Amino acid sequence: MTELQALADKVVAQARPGEQIEAYVSRGGQTEVRIYQGEVEHFVSAQSEGIGVRVIRDGRTGFAYAGTLDPAAVDDVLAEARDNAELGTVDEWAGLAEPDGVPRTPQSLWNEALASFPTPRKIELAKELERLALAGDPRIRVDDANYADAWGEVAVATTTGIRENGRENGCYVSVSTLADDGEETQTGFGFSVGRDPDAFDLEKAARDAVDRATRLLGATKPASKRLTVVLDPFVTAQFLGVISSTLNGEAVVKGRSLFRDRLGEQVASPLVTLVDDPTNPHAYTATEVDGEGLATRRNVLIDGGTLRQFVHSSYSARRAGTVSTGNATRAGFAGTPGVGCLALQLVPGTRSQAEIIADIDDGLLVQSVSGLHSGVNPISGDFSTGASGMLIRHGALAEPVRELTIASTLQRMLLDVAEVGGDVDWLPMRAAGVSLVIHDVTMSGT
Amino acid sequence: MSPVIDHDVLERVLSAAMRSGGEFAEIYAEDKRSTSAALDDGRVEQVTSGRDRGAGIRVVAGETTGFAHTSDLTERGLLAAAEAAAAAARQGGGGARTIALSRQDVAAHSTVERFPDEIAKAAKVELLQRLDDAARSAGAEIVQVSAGYADSRKRVLVANSDGLLAEDEVVRLLVRVSAVADGDTGMQTGYASMGHTVGFELFDTVDVTELARDAARQAITKLRARPAPSGTMPVVIKHGTGGVLFHEACGHGLEADHIAKGASVYTGKVGELVASPLVTVVDDGTMAGEWGTLSIDDEGHPTQRNVLIQDGVLTDYMWDFLRARKQGRAPSGNGRRQSYMHLPMVRMTNTFVTAGTSDPADIISSTEKGVYIARLGGGQVNTASGDFVFGMTEAYLIEHGEITEPLREANLIGNGPQALRDIDAVGNDFAMGGPGTCGKDGQGVPVGTGQPTLRVAALTIGGTAA
């Protein structure tokens, strides 16, 4: 038994009659190296730990946390959570998750070699990435090159019989670039992510960072019009992140999802099959248990365009009259479980991006978007985002464009999907990327 | 009140941090207690209490900064962090150095009468219920309301190897409410928030139900909104709702870290005309009670009022301690960090455009066709290219000099230097806006913004209507 599990168990064992208690305990550390012009600009080495305790009594929930595992602070946290439970509104659906018998799908989330990876090698990786990016194009400057790794271990225990723990680690390198041409400067970035620092693809990270910055040099603002867009895999992954909040069971039970009454109906093009599957080891966010300690599972949300199900935590499931789909999310010890998609993927088509573009007479390849957090409203469905990319003319990429927006509504975009590419990219996000073709999107420029 | 860390412990830890060389060491310690409460769907779902306490230690040697943090504030824990930071700065050779700290006087800009941690939690929960009631009674169209309350009381201590010792206490209160209205055209949302660096006495003079009515009104109004236009046109921004435009369009580009790396469109432009002569932009961390106000920044230096652009001419950048020191100049009080777990960097405080002379009504009536923005949402900027985007969360069409129909949400997009030059009217009605959280390099810090009603002659509206 881990030390953290013992601590979580000890808190839960203090439950009084009629009281449900959940203790979530975590500890983690990180290293971060930033290189600038061949020198270490900063080196961060840090550890943190903490506990969050939920108390539910008579349908009222209270929560408290502390960023320390000091025994006196842990006692305070339980007392505060109990005190806070007095102030909540009675909620007949309040409660903790209960074991549901779904087994964990084993994942390889810990790499011992990373845990002992020597510091000089970390510095050297970031320096090498900076060198590669600079060598990629004479117009390139590097803003920063980074190596980072992190590890974490967690344990959760509840009075309802949940007892789960685990640990994982991971690492990445990244580089931010600037490309200059006269008065104009554009920016790019590249990265490589994994659990094995010896398996980084530094060349690709550098090439991406160079390409992203240089391809926008000389880009102009296009004239406004409606056209077909091709979302780059990196952009599709961000788009799926927006779609995911409409499939969130908590938003559904609280009336905030635009799909709340649409189960069983066609909400997307027949080409769209959307799966949330954190048991897939390819997914960056693959995990064995969710934020409440239930095993994760594969859930088909949209099947051939038909809305099949929403994702749920135990709370939203109880309110919806269904069972948890293992989709409780949690932002560490300082927060309580929410609901969300964990590892989305569009079931891919067969063609490459180049083959797709060859069939488009008038379109836009969207290579980056900005302002998704401000211009997209998942409740109303309004979608408007800043973008840059390349125009497509007569089946070929034409000139680069920037300082434009693309707009539609989420409802229409799902129905207007014309093709899903075959180029799946397992990006370090909650959704996998793939090229996605959407008809009839408004591009705003001059 | 007992100190966060004893004076003599600080001196010993700083000496240890400098033992292996390096020219600068710093301890930043904080002890924060926070309370938050969330109401959603008619229920107070949860009251949360939080305790965050720890110290971050940095050691600077040459071009390298080593940083480590710990939640263990005992001398043993601090020494371990100091050694980790010194090792990270990985310089060898230096000799022992004794540090003598002298306490700085700290001028308080915000005053607190009733500390939130001394207020019964039930009073905080009651605020949420009033918000819920007020939003729901604004119209039958309102189908969902969520509201949040958050307060924090944070003690901060900064000590460094130059002998600086400064302590401060920061109190924050935040209230937010969002409403969903449902109608024939689907659902629409409204949002309002208020945040100040004051105590619970805020609610003696401010009626929080105004926020709830405002959020509900926005959602209901948008039910009859038509799609926003697509294309470039004049934009009038209502006072106190669009200061974030300047935070993004020029503020970030005037941060000295971006300047030092040549990653800003404003690099090398001090003394040049970079905006319309109607525009004066200020960053001021000393405004009483405002969300971005601090007595000292997170490196222990007093905040101040910094004029960034005067009558269109770029006058100065914003600085943190290390970059200012490298330039041989005084810091500007802009070194900030999210928490003890983060390295400080150049950040804004309260950033605003000062009042002009135009009557706001004239600005609207002299606009033949355009968009009136009554609330800008979040935004994002690329400091190197200057391109920015913003969400328009409440906007209307201007036709023949009059505000006419409400518009559905959309982003607007522009280029910072171009937008600053394109400002052709600045109103006399300055107002600060709601509380913001500025994100940079993964760290979020509270910031304020403000501006009078003003017009930008051309911005691109990212709607779908012709």
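Residues numbered from 1 in each chain as written. Chains lettered and ligands numbered in written order. Predicted model: local features only at pLDDT ≥ 70, side-chain atom pairs only at ≥ 80, totals over all residues.

1. Section: the domain arrangement of chain A
Much of the literature gives interface size as the accessible area that the parts lose upon coming together.
Residue and element names in this part refer to chain A.
Line of reasoning, step 1. What the domain assignment lists for chain A is domain 1 (3-214) and domain 2 (219-446).
Line of reasoning, step 2. One C-alpha centre belongs to domain 1, the other to domain 2; they are set 24 Å apart.
Line of reasoning, step 3. Counting only elements with at least two residues in the side of domain 1 that touches domain 2, the list comes to strand E1 (19-36), strand E2 (39-57), strand E3 (60-66) and strand E5 (163-181).
Line of reasoning, step 4. The greatest single-element share of the side of domain 1 that touches domain 2, amounting to four residues, is contributed by E2.
Line of reasoning, step 5. Classifying every residue of the side of domain 1 that touches domain 2 by side-chain character gives 14 nonpolar, seven polar and four charged. (Domains from an automatic or database assignment. Helix = DSSP H or I, 4+ residues; strand = E, 2+ residues; numbered from the N terminus. Nonpolar A, V, L, I, M, F, W, Y, C, P; charged D, E, K, R; others polar.)

2. Some details on helix H5 (residues 202-214) of chain A
Working note: α-helix, 3.6 residues per turn, so residues spaced by three or four point in the same direction.
Line of reasoning, step 1. Taking 1.5 Å of rise per residue, 13 residues should cover 18 Å, and H5(A) covers 18 Å from first to last C-alpha, within 8% of that figure.
Line of reasoning, step 2. Elements in contact with the buried residues of H5(A): helix H4 (119-136), strand E4 (140-158), E5 and strand E6 (184-194) of chain A. (Expected span 1.5 Å × (residues − 1). Contact = placed C-beta atoms within 7 Å.)

3. Concerning unusual backbone geometry
Line of reasoning, step 1. Unlike most non-glycine residues, A:Asp58 shows phi in positive territory, near 50°.
Line of reasoning, step 2. By the secondary structure assignment, A:Asp58 is in the loop between E2 and E3.
Line of reasoning, step 3. Its identity is not glycine, yet B:Asp41 carries a phi of approximately 55°, on the positive side.
Line of reasoning, step 4. Its place among the elements puts B:Asp41 in the loop between strand E1 (24-40) and strand E2 (43-61).

4. Section: the pairing of strand E6 (residues 164-183) of chain B
All names here are of chain B.
Line of reasoning, step 1. The pairing of strand E4 (residues 102-103) with E6 spans two bridges and is parallel. Its bridge partner being in E6, Ser-102 is matched across the sheet by Leu-164.
Line of reasoning, step 2. Note: strand E5 (residues 142-160) against E6, 17 bridges, orientation antiparallel. Counted as the bridge partner of Ala-147 is Val-177 from E6.
Line of reasoning, step 3. Linking E5 to E6, which pair antiparallel, is a turn of three residues; within it Gly-163 sits at a positive phi near 100°. (Pairing = 2+ DSSP bridges.)

5. Notes on the sheet that holds strand E9 (residues 299-303) of chain A
All names here are of chain A.
Line of reasoning, step 1. Taken in spatial order, the four strands make up an open sheet running E10-E9-E8-E13, and their pairing is antiparallel. Looking along the sheet, the strands with just one partner apiece sit at the ends: strand E10 (306-307) and strand E13 (344-346).
Line of reasoning, step 2. As paired strands, E9 and E10 are joined by two bridges and run antiparallel to one another. By the bridge assignment for E10, Ile-302 is matched with Leu-307.

6. A short note on the domain arrangement of chain B
Residue and element names in this part refer to chain B.
Line of reasoning, step 1. Domain annotation for chain B reports domain 1 (116-157 + 166-219) and domain 2 (230-462).
Line of reasoning, step 2. A C-alpha centroid distance of 25 Å is found between domain 1 and domain 2.
Line of reasoning, step 3. Taken together, the contact pairs 13 residues of domain 1 with 13 residues of domain 2.
Line of reasoning, step 4. Put simply, the parts of the chain that give the side of domain 1 that touches domain 2 at least two residues each are E6 and strand E7 (186-196).
Line of reasoning, step 5. Looking at side-chain class alone, the side of domain 1 that touches domain 2 contains six nonpolar, five polar and two charged residues.

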